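Report on the structure
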Amino acid sequence: MSEILKMAAATILTAGMLSASEYSLDKAHSNVGFSVKHMMITNVHGKFTSYDAVIDFDENSKTFKKLIANIDTNSIDTGIEKRDDHLRSDDFFSSANHPKMSFEMTKYKADGDEGKMEGNLTIRGITKAVTLEIEDIAILGDKLGFHLEGKINRSDFDLKWNKAIELGGVAVGEEVKIKVDIEASKQ
């Protein structure tokens, strides 16, 4: 009898592992973006145009098994070349010394079509734990889509440049909002 139970348990575990699939990014339908306050009155939006990710997702339980992302800091794009060059400089990303930033998931808690993803974010060689909210998980055929949001304090990653403005306050806010939309295809 115990052999039958062992075989049943192995079958259940194997079936659970088989429903997890690796996905590759569809960069034409994905966006890695952010926003930060400028002069404490408006948001400046930007994105990164060069990135890759390894996504392992279980369609049955709508659970992420693995998510590892690498982003090229040289690919920052805020729509203003002079600002982008400043963001690549040692005042911010120090792209010459730190051409990549990365995120690696450490834990995921599913809640239907949503969830919370915890992981380690590394910027400028500094790694901090962050939590991202996952929304709008959708599966259509071999396609997977989802939205990630989170917040970080840029000073935690040594992105400390700022300029006091004459009327009081600072030029760049400390809080950076992360907004990522992903579409991926099953490999």
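How each quantity is defined
Residues numbered from 1 in each chain as written. Predicted model: local features only at pLDDT ≥ 70, side-chain atom pairs only at ≥ 80, totals over all residues. Heavy atoms only, no water. Patch = residues over 30% accessible without salt bridge, like charges linked within 9 Å, V, L, I, M, F, W, Y side chains within 5 Å. Areas by Shrake-Rupley, 256 points an atom, 1.4 Å probe, with all protein chains shown as cover. Salt bridge = Lys/Arg side-chain N within 4 Å of Asp/Glu carboxyl O. Lys, Arg positive; Asp, Glu negative; His and termini not counted. Charge placed at Lys NZ, Arg CZ, Asp CG, Glu CD. Helix = DSSP H or I, 4+ residues; strand = E, 2+ residues; numbered from the N terminus. Buried < 20%, exposed > 50% of the residue type's maximum accessible area, 1.4 Å probe, protein only. pLDDT = per-residue confidence, 0-100. Contact = heavy atoms within 4.5 Å. Core = buried A, V, L, I, M, F, W, Y, C linked by side-chain atoms within 4.5 Å. Phe/Tyr/Trp six-rings, centres within 6.5 Å; stacked < 30°, edge-to-face > 60°. Pairing = 2+ DSSP bridges.

What follows covers a negative patch on the surface. Residues Asp-111, Glu-114, Asp-136 and Asp-181 make up a contiguous surface patch of negative charge. Among the secondary structure elements, Asp-181 is positioned in strand E11 (residues 172–186). Exposure remark for Asp-181: the relative accessible area of 36% places this residue in the partly exposed category.

Turning our eyes to something else, we now look at the confidence of the model for the protein. For any part of a model where pLDDT is low, the fine detail of the predicted coordinates should not be relied upon. When pLDDT is averaged along the protein, the result is 86; 82% of the residues meet or exceed 70. pLDDT under 50 marks residues 10–17. Its contacts with residues more than four places away, or in other chains, come to one contact.

Let us look at the nonpolar core. Generally speaking, a soluble globular protein has its nonpolar side chains buried in company with each other. Membership of the largest hydrophobic core comes to 40 residues, with the highest contact counts inside it found for Ile-55, Phe-64, Leu-67, Phe-93, Met-117 and Phe-146. If near-sequence neighbours (up to four positions away) are discounted, Met-117 is found in contact with Phe-64, Leu-67, Phe-103, Met-105, Lys-107, Tyr-108, Val-130, Thr-131, Leu-132, Ile-134 and Leu-148.

So, on to the packing of aromatic side chains. Counted under the stated rule, the structure contains six aromatic pairs. Taking the centre distance of 5.8 Å and the plane angle of 85° together, the rings of Phe-48 and Phe-93 count as edge-to-face. Pair noted here: Phe-48 is in strand E3 (residues 42–48) and Phe-93 is in the loop between helix H2 (81–88) and strand E7 (100–111), with a separation of 45 residues, a long-range link. Residue Phe-93 is classed as buried on the basis of its relative accessible area, which comes to 10%. Between Phe-64 and Tyr-108, the aromatic rings sit 5.1 Å apart at their centres with planes inclined by 75°, giving edge-to-face as the arrangement. Residue Phe-64 is found in strand E5 (residues 63–72), and its partner Tyr-108 is found in strand E7; the two are separated by 44 residues along the sequence.

To continue, consider a positive patch on the surface. On the surface, a cluster of positive charge is made up of Lys-37, Lys-151, Lys-177 and Lys-179. Relative to the assigned elements, Lys-151 resides in strand E10 (residues 143–153).

On to the pattern of salt bridges. Taken as a whole, this structure holds five salt bridges when the rule is applied. Ionic pairing is found between Asp-85 and Arg-88, a salt bridge with its closest N-O pair at 2.8 Å. Remark: Arg-88 and Asp-85 occur in helix H2; sequence separation between them is three residues, near one turn of the helix. Looking at Asp-85, the relative accessible area reads 43%, which means it is partly exposed. Its relative accessible area of 23% is what places Arg-88 among the partly exposed residues.

It is worth spelling out the pairing of E10 at this point. Looking at chain direction, strand E9 (residues 126–140) and E10 are connected through six bridges and run antiparallel. Across the sheet, the residue bridging to Ile-134 is Leu-148, located in E10. What sits between E9 and E10 in their antiparallel hairpin is a turn of two residues, with Gly-141 showing a positive phi close to 60°.

What follows deals with the environment of Asp-56. Tracing the backbone through its elements, the reader meets Asp-56 in strand E4 (residues 51–58). Among the residues examined, Asp-56 registers a relative accessible area of 17% and is labelled buried. Between the C-alpha atom of Asp-56 and that of Tyr-23, which follows or precedes it by 33 residues, the distance is 6.3 Å.

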